[in-house]
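# Architecture at a glance
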Amino acid sequence: MKKTAIGHVNCPVCGFADAEVKEDKNVHAYIHCTDCNAQTFTRNAFRDGQLRKRMRPVTVTVADTVTAPATVPEPAAPVTPPAPPPAPPPAKRAAWFTPILAGVADA
Ligand SMILES: [Zn+2]
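Remember, it's a predicted structure, so these values are computed and weren't measured experimentally. (Residues numbered from 1 in each chain as written. Predicted model: local features only at pLDDT ≥ 70, side-chain atom pairs only at ≥ 80, totals over all residues. Heavy atoms only, no water.)

## Considerations on the coordination of the zinc ion
In an ideal octahedron of six donors the angles at the metal are 90 or 180 degrees, and in an ideal tetrahedron of four donors they are 109.5 degrees. With distances of 2.3 Å, the protein atoms coordinating the zinc ion are Cys 11 (SG), Cys 14 (SG), Cys 33 (SG) and Cys 36 (SG). Coordination at the zinc ion is tetrahedral: its four donor atoms span angles of 103 to 114° at the metal. Along the chain, the residues donating to the zinc ion fall in the pattern C-x2-C-x18-C-x2-C. One end of the pair, Cys 11, is in the loop between strand E1 (7–9) and strand E2 (19–23); the other, Cys 36, is in the loop between strand E3 (29–32) and strand E4 (39–41), with 25 residues separating them in the sequence. The class of Cys 36 is partly exposed, set by a relative accessible area of 33%. (Donors = N, O, S within 2.8 Å, 3.2 Å for Na, K, Ca; no water. Tetrahedral: all angles 85-135°; square planar, octahedral: opposite > 155°, others 65-115°. Helix = DSSP H or I, 4+ residues; strand = E, 2+ residues; numbered from the N terminus. Buried < 20%, exposed > 50% of the residue type's maximum accessible area, 1.4 Å probe, protein only.)

Here is the structure:
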């Protein structure tokens, strides 16, 4: 499973400025340098806290996998009056000229 970075720090090994800070399975932060591939684990709450204080947090999360979109509070929808019912079709008027045969057929 590819983990999502929660922040960035300078790599302690090669000095790369954007080494990723991720969380391990115990939710402790660790550094994964994408440049030299070094990993630095914190393993306890104290070091986890120190690293989290030092990192530059990722503010925009880009999901690797398809997840449900974040729920954005919708602005209050304006109350729209219900649409008026469609106007009835105009009454059919008899044509001014009615063929004689039509009259015979109706009889
Ligand atoms: Zn590095």
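## Quick look at the pattern of salt bridges
One pass over the structure, following the stated rule, counts four salt bridges. Asp 18 is the salt-bridge partner of Arg 56, the closest N and O atoms lying 2.9 Å from each other. Taken together, the positions of Arg 56 in strand E5 (residues 56–57) and Asp 18 in the loop between E1 and E2 put the pair 38 residues apart, joining distant regions of the chain. According to the relative accessible area criterion, Arg 56 is partly exposed, its value standing at 40%. Judged by its relative accessible area of 39%, Asp 18 is partly exposed. The shortest N-O distance in the salt bridge between Asp 48 and Arg 52 comes to 2.9 Å. Taken together, the residues Asp 48 and Arg 52, both in helix H1 (residues 45–54) and four residues apart, mark about one turn of the helix. By sharing partners, the salt bridges in this structure join Glu 23, Asp 48 and Arg 52 into a single network. (Salt bridge = Lys/Arg side-chain N within 4 Å of Asp/Glu carboxyl O.)

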